[in-house]
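# Observations on the model geometry
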Amino acid sequence: MTSILARTAAAAGAAIVGAAIFTSPAVADSSRPLAPNGEAALPQVTFGSRADQLGDGTVWAKDRHGNVVAEAHWQADPGGNMYPKGDTLYVSDFMADGLGSRGEASVGIKISTSGSGDRVQKTKDVAEGRKLYINLCMTNSSGSLCSPGLTVRA
């Protein structure tokens with residue numbers, strides 16, 4: 001009888017110690033990712049996108065309040081007097097929020113804005129009808145967060 005009680009007490013003690021270790025705030029906190037050197041965390045945005053039947057498409061980023069903070073837009077052969085000839089990627093940054101914006105196209109285009117209110121563009125003549133992908137990346141001192149690729153056409 002003594003050995004049964006001793007084993008039960010030992011098991012109960014081990015369970016209490018185990019529960020204390022696994023519920024300890026120090027242990028729980030250690031599993032959270034920490035930003036290096038106290039820097040801010042990666043940008044907190046959500047992405048949306050749409051493409052049309054002509055091959056053009058737009059990817060945008062919204063902040064936690066639902067405000068569109070940046071966008072990348074692909075336009076196949078915009079032409080006309082207002083636009084350059086060739087296929088063009090435009091990137092716009094709409095807010096002074098400490099985030100940078102970078103647009104990328106799978107045909108070797110990568111451009112970044114220099115701050116709020118900035119719009120940049122890069123034109124490249126791509127074979128007509130070629131399928132490609134664009135995405136938008138939001139950047140800060142901790143790194144970047146990029147949207148999934150959106151399929152567009154030249």
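Residues numbered from 1 in each chain as written. Predicted model: local features only at pLDDT ≥ 70, side-chain atom pairs only at ≥ 80, totals over all residues. Heavy atoms only, no water.

## Some details on the pattern of salt bridges
Pairs may arise between side chains of opposite charge once their charged atoms sit close together. In this structure the tally under the stated criterion is two salt bridges. Notably, a salt bridge pairs Lys110 with Glu104, separated by 3.9 Å at the nearest N-O pair. Assessed through its relative accessible area of 59%, Lys110 is described here as exposed. Classification of Glu104 by relative accessible area gives buried; the value is 16%. (Salt bridge = Lys/Arg side-chain N within 4 Å of Asp/Glu carboxyl O. Buried < 20%, exposed > 50% of the residue type's maximum accessible area, 1.4 Å probe, protein only.)

## Examining the side chain of Asp93
Following the sequence through the fold, Asp93 ends up in strand β4 (residues 87–93). One buried charged side chain, Asp93, makes no salt bridge at all; its nearest oppositely charged neighbour is Arg102, positioned 12 Å away. With sequence-adjacent residues up to four places away left out, Asp93 is seen in contact with Val69, Ala70, Leu99, Gly100, Ser101, Thr113, Gly115, Ser116, Gly117 and Asp118. (Helix = DSSP H or I, 4+ residues; strand = E, 2+ residues; numbered from the N terminus. Lys, Arg positive; Asp, Glu negative; His and termini not counted. Contact = heavy atoms within 4.5 Å.)

## Notes on the pairing of strand β1 (residues 46–51)
The pairing of β1 with strand β2 (residues 57–62) spans six bridges and is classified as antiparallel. Bridging from a neighbouring strand, Ala51 pairs with Gly57 of β2. In this antiparallel pair of consecutive strands, β1 and β2, the connection spans five residues, and Gly55 shows a positive phi of 105 degrees. (Pairing = 2+ DSSP bridges.)

## So, the sheet that holds β2
The strand order across the open sheet formed by five strands is β1-β2-β3-β4-β7, and the pairing between neighbours is antiparallel. For this open sheet the edge positions go to β1 and β7 (119–124), each flanked by a neighbour on one side alone. Neighbour-to-neighbour, the strand axes of this sheet turn through a mean angle of 10 degrees, independent of strand direction. By the bridge criterion, six bridges tie strand β3 (residues 68–75) to β4 in an arrangement that is antiparallel. Paired with Gln75 across the two strands is Thr88, which belongs to β4. (Axes fitted to C-alpha atoms, helices over the stretch in contact; angles between N-to-C directions.)

## Quick look at the state of the cysteines
Scanning all chains against the criterion turns up one disulfide. Here Cys137 pairs with Cys146 through a disulfide, and the sulfurs are 2.0 Å apart. The disulfide joining Cys137 to Cys146 has a torsion of about 105 degrees about its S-S bond and is therefore right-handed. On the accessibility criterion, Cys137 (0% relative accessible area) is buried. (Disulfide = S-S within 2.5 Å.)

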